[in-house]
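As a plain string of letters, each chain reads:
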Amino acid sequence: MTMNRTENSFFRKTRKNAIVKQVREHYIRPDIPCLSELCSRTPPCHLRVVADSTLLSAEATHYLIPDLSVVSRYLEILEQEELSNLVIAQTIMASLEQHDRLRTYRRLRQVTSDPRRRSVFFYNEIFSETYVARLPNEGQKEREWRALCRVAAWYHHHLNGLLPILLLSENFTQSDLTSQESSVGIVVCSVKQYLDRFWPGCAVLHELMGSLKDAVFEEDLTLERIRMTGKVGELLKKSNVGEPGYEEYKAADELEAGVKSGRYFQGVLRVSPSNRDQAYINGGSKIGGDILIIGNRHRNRAVHGDVVVVELLSENSWTVPANSMSYDLDMAKAAEEVGEQLARQSSEIRPTGRVLGVITRNWRSYVATVQEDAIDQGGNVLLTIPLDPIIPKIRVRYGDVRAISRQRIVVRIDSWPTTSQYPNGHYVRSLGPIHQLDTEISAILVEHEISVSQATQGFSEASLREMPEDTQQNPWKPDPTELKRRRDLRETHTVFSIDPPNCQDIDDALSVRDLNDGTVELGVHIADVSYFVKENTQTDLEARARGTTVYLADRRFDMLPAVLSERICSLRGNVDRFAVSIMWTLDQSYNILSTWFGRTVIRSACEMEYEQAQKLLNGAKSVEGLDQSLAQKLRQPILRLAEVLHVFKARRSAKGALELESSEVKFRMEEGQGINDIIPKDPKEIHKIVEEAMILANSSVAERIYQSYKDSALLRRHPLPVRDHFKMLEKAAASRGLSIDYSTNKSLADSLASCAQQYQNDREFIRLIKTMATMAMSEAGYISTGAFNIDQYHHYGLALDFYTHFTSPIRRYADLVVHRQLMACINGSRAATPEISLESRHTSLFLHNAKLSDLCDHLNRKTRASKLAQRSQQGPIIENGVISEIRANGFLVFVPRFGIKGPVYLKDKDGNPVVPTSLLSGNQEEDSTYISNCTLSISPPTTISVQIHGSPLPIIFGLFDKVRISLKLHMSHAHRHSVYMTLIGLHQSEPAIKKTIGERQLLPEITEGERHRLQRFTIENVAESGLDTFVFRQTEVDNSAYGLLEKFRRMAIIELGNG
């Protein structure tokens, strides 16, 4: 290949305002591929070179080439899933880099990297057939336009005119094309013209277009006002706005130099969930902890999640982090994220700083509600209040305020001038009326950036066309040729599955049998999804983007189409299914002698429920739902399975595997009425047996794939805990004379076991200690082995050197990747396999550490955003709780029944005591009236003393004391209805009022006018032996299920499965 060299020269201004000329060499090459399935060459040009990209679709009706004006103003429209087959020219990307528009650059790169969008990055500036040299005295805008016209003409010619090439521009029109370009079928149109022609019925795109147009108008108007007045101060004075409130950011090169020199610090800004005026970044080893950022002025327009550069203030400005609980109920509920609380609380003075600049913005789509007084104020510029309480109000422009005044809407931030108290943004779309079920579910998905197509549009037609046929007339049957390649277990093994009731997507099944030589064969059989979903097919691309199946209490959003997830791949009973099996041969002491991995065909004897399996384990002679002969057939395998796996669990426990607290719940459903009750789940022995089998399978596969893919094996890593996270737990244990040693997983396990032994009769205390230990843990995540040293692969909680996720490929994409890696391993080659063809080998994820690392980051985000369940109920609930933390204005109470945690205030905002009269009377109706003439003496983190005038002795509340609290509803327009706690009194062994949830008629309404009460609970659960937390929430809609949805910032959608 030959390349021609040219030179590009341009002028730029330095920091000292000097003008310098810069010259760069420019190499032109002749082999840039078109990246289109319509390529007219043989072989297609994208096969002649290594092109790590998706391809423009052959089924498209047109290809789109946007110019810089469209990218700058209407990028969000280009990001919508409806638009596909975009050609992003190198000309545009180079211009964005030159003008320091890195955020726009990254967002465009995300469009081209999403394989579902079928959009490409085209290197026209280094391609001999599309390179356009700048003419003398030609402006940059005109030169860029000529370059894009050349790209459009080249595509039209290269593809033999098979489809129209559209140029999108807000600055140029059809008349700006040359006669030759117009004659070959290139069409120029504005974004509005394009939407009118190709998307006339898509209201979302047209509403977004109007909103973005208003935002552009507002920005242009502001700039024009500033230009005409000449001085910002004069403009603000005329507008009665006041002096500018924020400082301008420092230049990017100055920030970079400051970070490198150690003068400045760079990190991700985190706003405290308990106090929105307090934020922090990690100061690294030099600081030894967090750098606090106090107040909006010092935060300087940065929002939660931004990557910022911070300068330390003088030491006399350093301060102690606030220890009070927020009086904002939404912020208080946010503070239930105990892990962050434990990490950030400190009684020591911490370094304090201010934000000098933002490196990367974390602006995303926010669910918000119009401020209630917007209609009264009039006009079309209004403030919206995000559901996430740590996000500031956002100013948007919208024509008909009344139409969206009681709606959940989606908004985005566009800019935040130094002169504005709030950021400027634009309206995107409405999700529906507030507090309605479908609206709230849509809002959850938006807040956690879950794909619109996953929630509402299902799977693409291209994906569904790839599905095997499985109908009543023509049910799916195993291919005879494929059967010959597999080990047939249908007649030789008793295979069975154990799952929750009504499980449709059955990933795993088990088997165990005694062999003639006295050994035992243990088998775990996992649905062979990788056989049906080949890498880089449309189904695979969609599954990769979704990352995981998302579960709600009464619905789910699948990672794979139902024909696979519920039928062909699901290991249903009494039908032939393809599986990937692991078979261990064990000696009589249950030591592993050998391990076999391979593809099999199985026929499950039974789809057992956990309750049924537990009854068999308990020795029941008959089990409801199982006929007598089947129960007899399964009893011995269940008993042997338990015997074997108890040994494996004991060995892990001896190495330090942790037994942490789980607060899993289950939902009772009634047909036509949604969720009728929420019940704390009682862990059974059979749960731990199945879990141990899955852990054994995952760890065995992890070791096997690492043998072949030392630089790109996908593993599940759980790092050592951070010391700061355990400070609160250490203090809490010390208050009872206990010590916690977490230097190793074994020492932590021994410490918790010692606590349990010494307080074996205090179940609530032990549960709270274990829950605090769980929340202090670091988060587990997916890694590519090439990105870490081998001593960092370990899984701290499970006490394993190697661990991965293999056992749930129907609902976790990570498992599907691991299946492909395992199949490539046992086929004995890193080259072409059924999972990876020669044609796609260069794009395969598991052959490249960098690509796999990016995928791991994506899957970690999806898993983190995948956590929720819900419930509804009326009336206050009286419950027993345990004081878990002492704060400066009250204490936090842990309610063991639900695993929830919330604040009880003993001081108001002004610092006055608010000790309820019910503390003396025990009457729950007096929890809102307060004792006069009392004083508080607070000694965090151990005690609060209440001295009542005239009483000889104080009432003392200590850490881990038991109290009775009332859970009540706080109604909200802008945010979620939320539950708050009030103190009833000290714990009594037999509470005066004892109610259960789930009754048809619960407690009568207490407060007149509150008819539809919505309550919100946070049920923290720990998967992976308590180490990957997920959250259950709910919300109310009429009489349906979701009455307890938590505020959106903390909402998450639950991923069910092994950690």
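Since the structure is predicted, the reported quantities are computational estimates derived from the model, not experimental observations.

Conventions adopted
Residues numbered from 1 in each chain as written. Predicted model: local features only at pLDDT ≥ 70, side-chain atom pairs only at ≥ 80, totals over all residues. Heavy atoms only, no water. Helix = DSSP H or I, 4+ residues; strand = E, 2+ residues; numbered from the N terminus. Buried < 20%, exposed > 50% of the residue type's maximum accessible area, 1.4 Å probe, protein only. Contact = heavy atoms within 4.5 Å. Areas by Shrake-Rupley, 256 points an atom, 1.4 Å probe, with all protein chains shown as cover. Pairing = 2+ DSSP bridges. Axes fitted to C-alpha atoms, helices over the stretch in contact; angles between N-to-C directions. Phe/Tyr/Trp six-rings, centres within 6.5 Å; stacked < 30°, edge-to-face > 60°. Lys NZ or Arg CZ within 6 Å of the ring centre and 35° of its normal. Parallel < 35°, antiparallel > 145°, perpendicular 65-115°, else oblique. Nonpolar A, V, L, I, M, F, W, Y, C, P; charged D, E, K, R; others polar. pLDDT = per-residue confidence, 0-100. Salt bridge = Lys/Arg side-chain N within 4 Å of Asp/Glu carboxyl O. Lys, Arg positive; Asp, Glu negative; His and termini not counted. Polar contact = N/O pair within 3.5 Å; in protein donor to acceptor, adjacent residues only side chain to side chain. Core = buried A, V, L, I, M, F, W, Y, C linked by side-chain atoms within 4.5 Å. Domains from an automatic or database assignment. Expected span 1.5 Å × (residues − 1). Disulfide = S-S within 2.5 Å.

1. Some points on the overall build of the protein
If you tally the helices and strands in the protein, you get 32 helices and 41 strands. In the protein, which comprises 1059 residues, the share counted as buried stands at 56%. Nonlocal contacts in the protein, meaning residues at least 24 apart in sequence, comprise 68% of its contacts between residues at least 6 apart. Surface summary for the protein: the accessible area is close to 45400 Å², and the carbon and sulfur share equals 47%.

2. Quick notes on the sheet that holds strand S8 (residues 264–268)
Read across the open sheet, the three strands follow the order S8-S12-S13; overall the sheet is antiparallel. Here the strands that pair on one side only, and so sit at the sheet edges, are S8 and strand S13 (353–360). Looking at each pair of strands side by side, their axes are set apart by 30° on average, direction ignored. Packing of helix H10 (residues 252–261) onto the sheet brings it into contact with S8, strand S12 (307–312) and S13, and relative to S8 it is tilted by some 100°.

3. Details of the sheet that holds strand S37 (residues 955–958)
Read across the open sheet, the three strands follow the order S35-S36-S37; overall the sheet is antiparallel. Either end of the sheet is taken by a strand with one partner, and the two such strands are strand S35 (934–939) and S37. Geometrically, the sheet is characterised by an average inter-axis angle of 15° between neighbouring strands, direction not taken into account. Bridge count for strand S36 (residues 943–948) against S37 is four bridges, and the pairing is antiparallel. Bridging across to S37, Ile 944 finds its partner in Phe 957.

4. As for the environment of Ile 359
Looking at the secondary structure, you find Ile 359 in strand S13. For the pair Ile 359 and Asp 306, spaced 53 residues apart in sequence, the C-alpha to C-alpha distance is 7.6 Å. Once residues lying within four places of it in the same chain are set aside, the contact partners of Ile 359 are Arg 106, Leu 255, Gln 266, Val 307, Val 308 and Val 309.

5. As for the packing of aromatic side chains
By the definition in use, this model includes 19 aromatic pairs. Ring pairing ties together the aromatic residues Phe 122, Phe 127, Trp 154 and Tyr 155, which thus form one cluster. Above the face of the Phe 121 ring, Arg 109 is positioned so that its terminal group lies 4.1 Å from the ring centre. Above the face of the Tyr 782 ring, Arg 716 is positioned so that its terminal group lies 4.6 Å from the ring centre.

6. Overview of the packing of helix H3 (residues 90–98) against helix H4 (residues 102–113)
Taken N-terminus to C-terminus, the directions of H3 and H4 make an angle of 150°; their axes are 8 Å apart at the nearest point. Between H3 and H4, the interaxial angle falls into the category roughly antiparallel. Where H3 approaches H4, its residues Ile 92, Met 93, Leu 96 and Glu 97 are matched on the opposing element by Thr 104, Tyr 105, Leu 108 and Arg 109. For the contact of H3 with H4, the class distribution of residues is five nonpolar, one polar and two charged.

7. So, the confidence of the model for the protein
Of the residues in the protein, 76% reach a pLDDT of 70 or more, and the chain-wide mean stands at 78. Low pLDDT (under 50) marks residues 335–344, which in the prediction has 33 contacts with non-local residues, meaning those over four places away or in another chain. In the model, residues 865–875 has pLDDT below 50 throughout and makes 78 contacts with residues more than four positions away in sequence or in other chains.

8. What about the pattern of salt bridges?
Under the definition given, this model contains 41 salt bridges. Residue Arg 361 is joined to Asp 306 by a salt bridge in which the shortest nitrogen-to-oxygen separation is 2.7 Å. Taken as a pair, Arg 361 in the loop between S13 and strand S14 (365–370) and Asp 306 in the loop between helix H12 (295–299) and S12 lie far apart in primary sequence, 55 residues in all. Judged by its relative accessible area of 0%, Asp 306 falls in the buried class.

9. What to know about the environment of Asp 724
Inspection of the secondary structure assignment puts Asp 724 in the loop between strand S30 (714–717) and helix H26 (727–734). Separated by 52 residues in sequence, Asp 724 and Ala 776 place their C-alpha atoms 8.7 Å apart.

10. Some details on the side chain of Arg 635
Within the secondary structure, Arg 635 sits in helix H24 (residues 628–655). Buried and unpaired, Arg 635 has Asp 627 as its nearest opposite-charge partner, separated by 10 Å. Engagement of the side chain of Arg 635 in a polar contact is seen with the backbone oxygen of Lys 621, the distance being 3.2 Å.

11. Describing the packing of helix H23 (residues 610–617) against H24
It is at 8 Å that the axes of H23 and H24 come closest, and there the two elements cross at 80°. Between H23 and H24, the interaxial angle falls into the category roughly perpendicular. In contact with Ala 613, Leu 616 and Leu 617 of H23, H24 contributes Ala 631, Leu 634, Arg 635, Ile 638, Leu 639 and Ala 642. Each residue belonging to the contact of H23 with H24 can be placed in one class, and the counts come to eight nonpolar, no polar and one charged.

12. Considering the pairing of strand S21 (residues 508–514)
Taken across its seven residues, S21 has five buried, putting it largely inside the fold. Of the strand pairs in this sheet, S21 and strand S22 (residues 520–527) are connected by seven bridges, and their pairing is antiparallel. Of the residues in S22, the one forming a bridge with Arg 513 is Glu 521. Counted along the chain from S21 to the antiparallel partner S22, the turn is five residues long, and its residue Gly 518 has a positive phi close to 90°.

13. Section: the nonpolar core
Within the largest apolar cluster, 85 residues are counted, with the highest numbers of intra-cluster contacts made by Ile 498, Leu 510, Leu 522 and Met 608. If you tally residues by element for this core, the top one is helix H25 (residues 685–708), at eleven residues. Looking at which domains feed residues into this core, each of domain 4 (461–631) and domain 5 (685–832 + 843–870) supplies at least three. Once residues within four sequence positions are removed from consideration, Leu 510 is found in contact with Thr 494, Val 495, Phe 496, Ile 498, Gly 523, Val 524, His 525, Leu 641, Val 690, Ala 693 and Met 694. One finds Leu 56, Ile 92, Met 93 and Tyr 194 within the second-largest nonpolar core, a separate group that totals 65 residues.

14. Digging into helix H27 (residues 745–758)
Because the α-helix completes a turn every 3.6 residues, residues three or four places apart line up on one side. In a regular helix each residue adds 1.5 Å, so 14 residues correspond to 20 Å; H27 covers 20 Å between its end C-alpha atoms and thus fits that length. The complete set of buried residues in H27 reads Asn 745, Ser 747, Leu 748, Ala 749, Ser 751, Leu 752 and Cys 755. Tucked into the core, H27 has its buried residues touching H24 and helix H28 (763–776).

15. What to know about the state of the cysteines
Two cysteines whose sulfur atoms are joined by a covalent bond form what is called a disulfide. One pass over the full model with this rule turns up zero disulfides. Between Cys 39, a free cysteine, and Cys 45, which holds the nearest cysteine sulfur, the sulfur-to-sulfur gap is 3.5 Å. Since its relative accessible area comes to 5%, Cys 45 is described here as buried.

16. A few points about unusual backbone geometry
Of note, the amide linkage connecting Thr 42 to Pro 43 takes the cis form, showing an omega dihedral of -10°. Following the sequence through the fold, Pro 43 ends up in the loop between strand S2 (19–28) and helix H1 (45–48). Phi angles above zero are rare outside glycine, and Asn 85 is one such case at about 55°. You can see Asn 85 is positioned in the loop between helix H2 (68–79) and strand S4 (87–89). Located in the positive-phi region is Tyr 590, a residue other than glycine, with phi close to 65°. Secondary-structure assignment places Tyr 590 in the loop between strand S25 (576–586) and strand S26 (592–603).

17. What to know about the environment of His 493
Take His 493: it is sitting in the loop between strand S19 (487–488) and strand S20 (496–499). Take His 493: its relative accessible area is 8%, and that puts it in the buried class. Along the primary structure His 493 and Arg 513 are separated by 20 residues, whereas in three dimensions their C-alpha atoms are 7.6 Å apart. Discounting residues that sit within four places of it in the chain, His 493 has contacts with Ser 511, Arg 513, Glu 521 and Met 583.

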